[in-house]
Structures are given as C-alpha cells and as structure tokens.
Amino acid sequence: MGAYQLKITIKGSKPPIWRRVLVPEGITFGKLHQMIQTAFCWSDGYLYEFEFRSEGVRVVPNKENWSPKFQYLFSDETISRLVSSNSKFTYTYGADKNWELSIQVEDMVVDYKESCGQVVKFKGAEVPETCGSIAGYYELLESGSKGSEEYNITEVNRRLSQGGKSASEEVRMEDIYNCYDKNSILEIAKRHGMSGLSKLKKEELAERTIAHILDQKVMSRYFLCARDSEIKLFEQLAEGDFLVPSTELEEMDFLYAGGYVTAGLNNQFMVAKEVIKAYKEVNTPEFKEERERLSKIGDYFRAANSLYAVTPIQVLLETFNKYEDKKLTAEELLQAHELLQSFRPVAVYTDGKFVDGALAEQNGMEELLRMQKKVPYYIPAQQEIRFLADHGGFLMTQELGLLSTFLRDEMKVSDEKITYILRQVQAEISMGGQLPEIVDGIEAAGIIFESEEHMERFTSIITDVWNHTRMVLNRGHKPYEMVMKGLETVSVQRKNPPKIYPNDPCSCGSGKKYKKCCGKKS
C-alpha cells in the first residue's frame, strides 16, 4: 500500500506553520479530515470542507449551504482520484470556516506499510483553534500570552496510530485531554469552580482537572444537573454505542462542557474508562432517584421561564403539583434552583419570583411586570411543558409550520436558516412584537420580500402565527385565547392588518422607503 506525502500549511501564517504528513492512499476524506485535526492538535468540533478549485469540486460532510458554482462530493469519498490528479488543494475548518489550510501534494510513497497517518516533519508550535483564526493567534501572542504549547510530534504520532482503532475501544482521560488545547481545559476547570490554574503547563493543568472532575462529590453534583435525555445518551455511550443521532447532538453539550465526554468523527462520541467507572460508583439507586426528580423540576423551570419570564414561586409550585404525584414544597424548589443555578442557570430568584437571567441582568423585571396584562397565568399541559423544556423554550405550532413551508418553497430559504427564523419570530412575538418589527428582523437575516404577492402571503401567515403564539406579555396566553376566554375584548393584532411593504414610500412623508425610515425605527 502506498501513501501521499502532504505538506499542510496554515494560510496567513508568517513564518509558515506547517505539518508534513504521510497519509495512506485509499482513505476517505472524512479520515483525512480527522488526521489533519490530530496533526494540528485540534478538537474536531466544527464543520469542514475540502476544495479542489481547478476542478470545481468541494468535499463536505453533509449537504449544507451548497454553492451552484461547485460540484459536491461527500466525505465518505476516497481521496485517491482527486489527490493523485491535483498538486494542491485547500481545507477549511471552523464555525465560520475561519481556518484555511493549503495542502500541497509533494510525493507518492510506494512502499508505505502503515494503515495510519504519520507526521514526519513540522514547523511551528501548536496553534489553539480557540483563537478563532490565524489573525487571532497573532493577536494572542502580541498580548503577551505564550499562546500555545510546544509541538510534541511523538505524542501526535501516537494519537495518529490510535486513529485506526474503532471508537468502541477503551480510551483514557489522558488521551482525550492530550487532544485539547490549554484554553479548552481551562474552560472545563472553570466550569467546575477551579481557579488559579492559568500559569500551569498543559500537562499539569490536565492532570489536576481530571483528578478534580472525577472526584465523587464533584461528579455527583454535576451529573445531578443532567437531564433524563442527556443521561440516556451518556449511558448509551458507556455501553459502547458511540453513534449519536444528528437530531440529538445538542443533548451532548452539557456533559461535553463538563469534560466527561468528547466528540469524535461523524457524530461519534467517546467516554473515558475512568468516567464510566466513576459514574457506576456514583449512580446509586438514591442518586438516580434524586437526579430524575431534579431533571423533572428543571423542565418545569425552563417551561415557566419561556412562558412568563417572571414566575411567582406559587405559580411554579401549582403547575408542578398539578401533574406530579410526589408533591413539591417551596423549600425543595429553592434547593433545586440553587443547585441548577451552578451549572445551567435559567432564572434568578428574587422577592418570591424566578426572573429570566437576561431580564435580571438588564434590570427589566419591573418594566415587564408593568407591561404584562393582569390576567391569570396560563398553566400549560404536561406535553407542552416537556416540549418547551426539550427545545429551549421554543414551541412549534401548526402556524409556524406553514411559515416554514412558505419560506422554504416560495422564498427558497435553507432549512438551517428557517430554524433560526422560526425561533426569532416566536421570541419577537412573545414579547409583543408587531409586523414591522418582524419584517425588519427577517430582512436582517437576508430575506427580502421583493414582490407584493410574497409580502401579502407572508402578512397573512404571520398574522395567524401572531394570534397563536404564547406571549410573555399575556402571561403565556395566546392572543386569540385572550379573546375566547374573555380576558381581552379585542385582540391587539388585527385579523386584517394594513398592508405594509418594505419598499413602499413611508407614510410620514420623508420620501424614504418604509424599511429605511419608520420601519427601521420600529
């Protein structure tokens, strides 16, 4: 079996920072991506892309934001055809493709016998991906920070040699933390209340952090705050099933941030054997019962916070005790809030009320209470509570489904952007937003209504969305419910709102388009 000799250089680095790597022929682009991540000591936490500009080909892990200018292949394609016929190609990586690497095909090694990649030469220290870009790395150096660790080629090649093993084989905490940069380990330590560690070398920092988070009391306190869905996935990983469905990837965020699991390639996650052993010792029947109870209380917290933003303690107690057999006391509720606040804060407790964290920071509670209508608090159904808790306060409705279809089929908006827009629209309406504000927000997302037909269709749909959205200003009631229940005689949002088109002359007489004048001010 042969191998390609690739020189991989971070674009914009002066002097050039590069790694010369031997990679076996016949591997996939997904595997090559993983080797590059290991060679540069990065975390494999973001999307990536290979581009062969001369052939107009891009290789990507999934179908997302495709450009009509390129032919696309998926990363399960083998590298041989494209690499052998091109002397140079590029690799981009990061949340915003902010790392760009130039890959030069230097040679073909005919008698390469290894099944794994190997770094044979390098230039430059480790560059932490958390800098955001090569420019960010140089800014870090200019600030006086050491910026990175020395490059350990022996350790990197050891990790590359393990890359051919299946994810189900045992991994150690030391192996995992060796793949993290120093800043990532500091973030884990900070999350667990550790401080005064920034001057430690990476190896000592990793050792102390691992020892701390594996302590029974520390681990027990953190895992108590894990939701049922997160524990279910964690126990799946611990049993050797490492593949997490793409729809559930966000469920791994809490334990990943705590340093107890690590992300791998293609939606795979790993749990170190030390974590599995410690969890078995912590997970007693008493602990399990306590954690499940806390998870349930946390769900009610999240649902109430999204519906009201300011929740009197009695309202939360009333809702919980309406559905749950084991009743909740005010004392237990406050104890649960104190523990959850340590790792996944939702609301601040003050004067007998749980106040949304962002609202509390802005000192906006009194203003919101003045704006809220003096009506009974809406008590959601149990299924609604679970959906709100599972989706970060977002509640999908039939009307939002119609808006999604309109944006996708008529406005040609990508699914990823639609998800963002639906959340944005619901949040805006929940706080009383009207049509001009909503149009302005959608245009800010890069969607312009260029025809009257599209604007009329959107206006009709958004009116229905508005009337069927649970509003913080209505203490969780939908506008149409306010009328149906006699809580309000006329809904504020009219059934047939006046047509307002972004490109129409503004009615104030300024001579500007509406979107550039009063629409913008709104």
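Residues numbered from 1 in each chain as written. Predicted model: local features only at pLDDT ≥ 70, side-chain atom pairs only at ≥ 80, totals over all residues. Heavy atoms only, no water.

Going by what an unreviewed UniProt entry lists, the protein is known as Plasmid pRiA4b ORF-3 family protein and is assigned to Lacrimispora saccharolytica.

Chemist: Quick question: what am I supposed to make of the overall build of the protein here?
Modeler: Within the protein, the regular secondary structure consists of 23 helices and 13 strands. Looking at the protein residue by residue over its 522 residues, the buried ones come to 49%. Restricting the contact set of the protein to residue pairs at least 6 apart, pairs at least 24 apart contribute 64%. Within the structure as shown, the protein displays about 26300 Å² of accessible surface, and the carbon and sulfur contribution to it stands at 50%. (Helix = DSSP H or I, 4+ residues; strand = E, 2+ residues; numbered from the N terminus. Buried < 20%, exposed > 50% of the residue type's maximum accessible area, 1.4 Å probe, protein only. Contact = heavy atoms within 4.5 Å. Areas by Shrake-Rupley, 256 points an atom, 1.4 Å probe, with all protein chains shown as cover.)

Chemist: Got a minute to help me understand the pattern of salt bridges in this structure?
Modeler: Side-chain pairs of opposite charge can arise whenever the charged atoms involved come near each other. Summed over all chains, the structure comprises 25 salt bridges. Residue arginine 58 pairs with glutamate 51 through a salt bridge whose shortest N-O separation is 2.8 Å. By relative accessible area, arginine 58 is classed as buried at 16%. With a relative accessible area of 7%, glutamate 51 lands in the buried category. Between glutamate 174 and arginine 172 there is a salt bridge whose closest N-O contact spans 3.2 Å. Taking the relative accessible area as the measure of exposure, glutamate 174 reaches 44% and is therefore partly exposed. A relative accessible area of 32% places arginine 172 in the partly exposed class. Overlapping salt bridges, with partners in common, bring together Glu155, Arg158, Arg159, Arg172, Glu174 and Asp175 in one network. (Salt bridge = Lys/Arg side-chain N within 4 Å of Asp/Glu carboxyl O.)

Chemist: Teacher, can you tell me more about the packing of helix H12 (residues 285-308) against helix H14 (residues 330-343) here?
Modeler: To characterise two packed helices, one gives the angle between the axes of the helices and the distance between these axes. Where H12 contacts H14, the axes come no closer than 10 Å and their chain directions differ by 90°. Comparing the axis directions of H12 and H14 gives the class roughly perpendicular. Two secondary-structure elements touch here, H12 through Arg293, Leu294, Ile297, Gly298 and Phe301 and H14 through Glu332, Leu333, Ala336, His337, Leu339 and Leu340. Grouping the constituent residues of the contact of H12 with H14 by class yields 7 nonpolar, 2 polar and 2 charged. (Axes fitted to C-alpha atoms, helices over the stretch in contact; angles between N-to-C directions. Parallel < 35°, antiparallel > 145°, perpendicular 65-115°, else oblique. Nonpolar A, V, L, I, M, F, W, Y, C, P; charged D, E, K, R; others polar.)

Chemist: Which parts of the structure should I look at to understand the packing of aromatic side chains?
Modeler: The geometry of an aromatic ring pair is captured by two quantities: the separation of the ring centres and the angle between the planes. This structure, assessed with the given rule, holds 27 aromatic pairs. For the pair phenylalanine 234 and tyrosine 279, a centre-to-centre distance of 4.9 Å together with 75° between the ring planes defines the contact as edge-to-face. Within this pair, whereas phenylalanine 234 is found in helix H9 (residues 228-238), its partner tyrosine 279 is found in helix H11 (residues 273-282), the two being separated by 45 residues in sequence. The residues phenylalanine 234 and tyrosine 279 share a single accessibility class, namely buried. Where tyrosine 349 meets phenylalanine 354, the ring centres are 4.9 Å apart and the plane angle is 45°; that geometry is what we call tilted. Residue tyrosine 349 is classed as partly exposed on the basis of its relative accessible area of 32%. For phenylalanine 354, a relative accessible area of 1% translates into the label buried. (Phe/Tyr/Trp six-rings, centres within 6.5 Å; stacked < 30°, edge-to-face > 60°.)

Chemist: Would you take a moment to explain helix H20 (residues 435-444) for this structure?
Modeler: Residues spaced three or four apart along an α-helix point in a common direction, a consequence of the helix completing one turn every 3.6 residues. Burial analysis of H20 places 7 of its 10 residues in the buried class, the great majority of the element. Where H20 is buried, its residues contact helix H19 (415-430) and helix H21 (452-467). Directly after H20, the chain includes glycine 446, whose backbone phi takes a positive value near 90°.

Chemist: How should the sheet that holds strand S2 (residues 18-24) be read in this particular structure?
Modeler: Note on sheets: strands pair through backbone hydrogen bonds, and any given pair is parallel or antiparallel. Ordered by their spatial adjacency, 8 strands build an open sheet running S5-S4-S3-S6-S7-S1-S2-S8, and the pairing between neighbours is mixed. In this open sheet, the two strands that pair with only one neighbour each are strand S5 (71-74) and strand S8 (118-123). Taking the axes of each pair of neighbouring strands and ignoring which way they run, one obtains an average angle of 25° across the sheet. The pairing of strand S6 (residues 88-93) with strand S7 (residues 99-109) spans 6 bridges and is antiparallel. Paired with threonine 92 across the two strands is glutamate 100, which belongs to S7. (Pairing = 2+ DSSP bridges.)

Chemist: What am I meant to see in the confidence of the model for the protein here?
Modeler: Detailed reading of predicted coordinates is not advised where the pLDDT is low. On average, residues of the protein score 87 in pLDDT, and 90% of them reach the 70 mark or higher. By mean pLDDT, helix H23 (residues 518-521) is the weakest element of the protein at 49, and helix H13 (residues 313-323) is the strongest at 97. Scored below 50 in pLDDT, residues 164-169 shows 6 contacts in the model against residues more than four places distant or in partner chains. Taken together, the stretch residues 506-511 has pLDDT below 50 and engages in 8 contacts with residues farther than four places along the chain or on a different chain. (pLDDT = per-residue confidence, 0-100.)

Chemist: Looking at this structure, I do not really get the packing of helix H18 (residues 398-409) against H21. What am I missing?
Modeler: Running from amino to carboxyl end, H18 crosses H21 at an angle of 160°, the nearest separation of the two axes being 8 Å. Here H18 lies roughly antiparallel to H21, going by the angle between them. When the axes of H18 and H21 are compared, the crossing they make is left-handed. Contact residues: Glu399, Leu400, Leu402, Leu403 and Phe406 in H18; His454, Arg457, Phe458, Ile461, Ile462, Asp464 and Val465 in H21. Considered class by class, the residues forming the contact of H18 with H21 number 8 nonpolar, 1 polar and 3 charged. (Left-handed = near helix turned anticlockwise from the far one by under 90°.)

Chemist: What's the story with the pairing of strand S12 (residues 347-350) in this structure? I'm lost.
Modeler: Note on strand geometry: in a regular strand, side chains alternate between the two faces of the sheet. In the sheet, S12 pairs with strand S13 (residues 353-356) via 4 bridges, with the strands oriented antiparallel. Residue valine 348 lies in a different strand from S13, and its bridge partner there is valine 355. Linking S12 back to S13 in an antiparallel pair, the connection comprises 2 residues, with aspartate 351 at a positive phi of about 50°.

Chemist: Hey, could you run me through the environment of glutamine 372 in this one?
Modeler: When you line up the elements, glutamine 372 lands in the loop between helix H16 (365-371) and helix H17 (382-390). In this view, glutamine 372 contacts Tyr308, Val472, Leu473 and Arg475; residues no more than four positions away in its chain are not counted. In terms of polar contacts, glutamine 372 uses its side chain to reach the backbone carbonyl oxygen of valine 472, at 2.9 Å. (Polar contact = N/O pair within 3.5 Å; in protein donor to acceptor, adjacent residues only side chain to side chain.)

Chemist: Can you walk me through the nonpolar core in this structure?
Modeler: Note that soluble globular proteins tend to have their nonpolar side chains buried in a common cluster. The biggest cluster of nonpolar side chains holds 69 residues, and the ones touching the most others in it are Tyr177, Phe223 and Leu333. Among the elements that make up this core, the one with the highest residue count is H12 (9 residues). Structurally, this core is a two-domain feature, drawing no fewer than three residues from each of domain 2 (173-283) and domain 3 (293-391). Beyond its immediate chain neighbours, meaning those up to four positions away, tyrosine 177 contacts Ile185, Ile188, Lys202, Ala206, Thr209, Ile210, Ile213 and Gly259. Formed by 40 residues, the second largest nonpolar core is a distinct cluster that contains Ile10, Val23, Leu73 and Tyr93. (Core = buried A, V, L, I, M, F, W, Y, C linked by side-chain atoms within 4.5 Å. Domains from an automatic or database assignment.)

Chemist: Mind showing me how you'd approach the state of the cysteines here?
Modeler: Two cysteines form a disulfide when their sulfur atoms are joined by a covalent bond. Per the stated rule, a full pass over the model turns up 0 disulfides. No disulfide involves cysteine 179; its nearest neighbouring cysteine sulfur is the one of cysteine 41, lying 7.8 Å away. The exposure class of cysteine 179 is partly exposed, given its relative accessible area of 28%. (Disulfide = S-S within 2.5 Å.)

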